[in-house]
Amino acid sequence: MNERTTTRSDYAERLERVFRWLADHLDDTLDLARLADVACLSPYHFHRVYRAMQGETAADTVRRLRLHRAAVELITGELPLTRVARRAGYGSQEAFTRAFKAAYGVPPARYRASFVPAPHRQEDAMDTTMSYDTTITTSPTLRVAALRHRGEYQTIGSTFERLMVLAGGQGLLGADPRTFGIYYDDPSVTPAHALRSDACVMVRDGLTPTGELELQEIRGGRYATALHVGPYAELDRCYKWLYGTWLAHSGEEPADAPVVEAYLNDARTVPPTALKTEIWLPLR
């Protein structure tokens, strides 16, 4: 391995440690000196290295992950808005409302109201009117580098951060990398801590990931693909429609394979409302 590749891989492994630390300390006050120490980099240079390799600052990453978590918490309807705001790192509900509206297009209270059913209703407020563009496609077998994730699916974002920096360090990423998530369990019947999933990025023939990254294949064959446009926190609506409405009227049967999500753009470069995700339901 040449010196340049070794250096790139070394920096990738350092930033991977930072992402792992951030995932475990998302509620902590952001301390760039502490992150620099985790990365074994001088505080004078850590910020520039991080931004150059990730395309955003560490503060941007933390803000994005916290707002995503806030959206999930608003959908569950379990925490009061003031608590959600504090967990997102905002000292006042007003500041949280401004930041959330800028990212998600609506204030947090209205966002929650569109998901949490009124006491006299049994169904979600919008589920009966939502529909998604769905087509049946045939995919070739895809070679991917995979990083295992355990726990709630909605926290897989930090695993994707680790995946991309490790894959980049190994020279596996092309000019426009395709990313996927493989989801093995049904979150409605599997305890959150036991959920299994893989964060994946496509790799070209002839390249083989090493270390924590595993070479896997995404099954080739027929899929029903439904396009979801919007925050990842809202994907459950698309799943409910795909399984409860489309599949029930399609005459199709699901194959014995896990569901796949294909991510068509990058959460670092577009707002949550513009994220595009395809859900691939494997068919016989």
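Before any of the text, the structure's been laid out above.
A brief look at the structure comes next. A quick note: this is a predicted structure, and the numbers were derived from the prediction, not measured. (Residues numbered from 1 in each chain as written. Predicted model: local features only at pLDDT ≥ 70, side-chain atom pairs only at ≥ 80, totals over all residues. Heavy atoms only, no water.)

Structural notes on the packing of helix α4 (residues 58–76) against helix α6 (residues 93–104)
Part 1 of the argument: Packing of α4 against α6 leaves a shortest axis separation of 11 Å and a crossing angle of 95°. As far as their axial angle goes, α6 and α4 are roughly perpendicular. The residues of α6 that touch α4, namely those facing L67, H68, A70, A71 and L74, are F96, A99, F100, A103 and Y104.
Part 2 of the argument: Each residue belonging to the contact of α4 with α6 can be placed in one class, and the counts come to 9 nonpolar, 1 polar and no charged. (Axes fitted to C-alpha atoms, helices over the stretch in contact; angles between N-to-C directions. Helix = DSSP H or I, 4+ residues; strand = E, 2+ residues; numbered from the N terminus. Parallel < 35°, antiparallel > 145°, perpendicular 65-115°, else oblique. Contact = heavy atoms within 4.5 Å. Nonpolar A, V, L, I, M, F, W, Y, C, P; charged D, E, K, R; others polar.)

What to know about the side chain of E261
Part 1 of the argument: Structurally, E261 can be placed in strand β7 (residues 259–263).
Part 2 of the argument: The charged side chain of E261 is buried without a salt bridge, its nearest counter-charge being R64 at 14 Å.
Part 3 of the argument: At 2.6 Å, the side chain of E261 and the side chain of Y239 are in polar contact.
Part 4 of the argument: Of the polar contacts made by the side chain of E261, one reaches the side chain of Y263; its length is 2.6 Å.
Part 5 of the argument: Apart from the residues lying within four places of it in its own chain, the contact partners of E261 are T179, F180, G181, Y183, L235, Y239, T277, E278 and I279. (Buried < 20%, exposed > 50% of the residue type's maximum accessible area, 1.4 Å probe, protein only. Lys, Arg positive; Asp, Glu negative; His and termini not counted. Salt bridge = Lys/Arg side-chain N within 4 Å of Asp/Glu carboxyl O. Polar contact = N/O pair within 3.5 Å; in protein donor to acceptor, adjacent residues only side chain to side chain.)

Describing unusual backbone geometry
Part 1 of the argument: Unusually for a residue other than glycine, C40 sits at a positive phi of about 55°.
Part 2 of the argument: Counting through the fold element by element, C40 comes out in the loop between α2 (32–38) and α3 (43–54).
Part 3 of the argument: Relative accessible area serves as the criterion here: at 53%, C40 is assigned to the exposed category.

Re the pairing of strand β3 (residues 179–183)
Here is the key point about a regular strand: its side chains alternate between the two faces of the sheet.
Part 1 of the argument: With 5 of 5 residues buried, β3 is to be regarded as a mostly interior element.
Part 2 of the argument: The alternating pattern of β3 places T179, G181 and Y183 on one face and F180 and I182 on the opposite face, and all of these are buried.
Part 3 of the argument: Sheet analysis places β3 next to strand β4 (residues 196–202), joined by 5 bridges and oriented antiparallel. If you follow T179 over to β4, its bridge partner there is V201.
Part 4 of the argument: One ladder, built from 5 bridges, connects β3 with β7; its direction is antiparallel. Within β7, the position partnered with T179 by the bridge is Y263. (Pairing = 2+ DSSP bridges.)

Here we look at the packing of aromatic side chains
Part 1 of the argument: Overall, the coordinates contain 14 aromatic pairs when judged by the stated rule.
Part 2 of the argument: Here F180 and W280 contribute two aromatic rings whose centre-to-centre distance is 5.6 Å and whose plane-to-plane angle is 65°, an arrangement assigned as edge-to-face. Placement of F180 in strand β3 and of W280 in strand β8 (residues 276–282) is noted, with a sequence separation of 100 residues between them. We note that F180, like W280, is buried.
Part 3 of the argument: An aromatic cluster is defined as three or more aromatic residues linked by ring pairs; in this entry it consists of Y90, F96, F100, Y104, Y111 and F115.
Part 4 of the argument: One cation-aromatic arrangement involves R237 over F115; the distance from NZ or CZ to the ring centre is 3.6 Å. (Phe/Tyr/Trp six-rings, centres within 6.5 Å; stacked < 30°, edge-to-face > 60°. Lys NZ or Arg CZ within 6 Å of the ring centre and 35° of its normal.)

Here's the deal with the pairing of strand β6 (residues 221–229)
Part 1 of the argument: Pairing geometry for strand β1 (residues 134–139) and β6, over 6 bridges, is antiparallel. Along β6, the bridge assignment pairs T138 with R222.

Thoughts on the environment of Y239
Part 1 of the argument: With respect to the helices and strands, Y239 occurs in helix α9 (residues 235–250).
Part 2 of the argument: Overall, Y239 belongs to the buried group, its relative accessible area being 16%.
Part 3 of the argument: In this structure, the C-alpha to C-alpha distance between Y239 and R14, residues 225 residues apart in sequence, is 36 Å.
Part 4 of the argument: Not counting chain neighbours up to four residues away, the residues in contact with Y239 comprise Y183, G244, V259, E261 and I279.

Examining the sheet that holds β8
Part 1 of the argument: Strands sit in the order β1-β6-β8-β7-β3-β4-β2-β5 across an open sheet of 8 strands; the sheet is antiparallel. On the outer flanks of this sheet lie β1 and β5 (214–218), each paired with one strand and no other. Neighbour-to-neighbour, the strand axes of this sheet turn through a mean angle of 35°, independent of strand direction.
Part 2 of the argument: Against the sheet, α9 touches β1, β3, β6, β7 and β8, its axis set at about 35° to β8.

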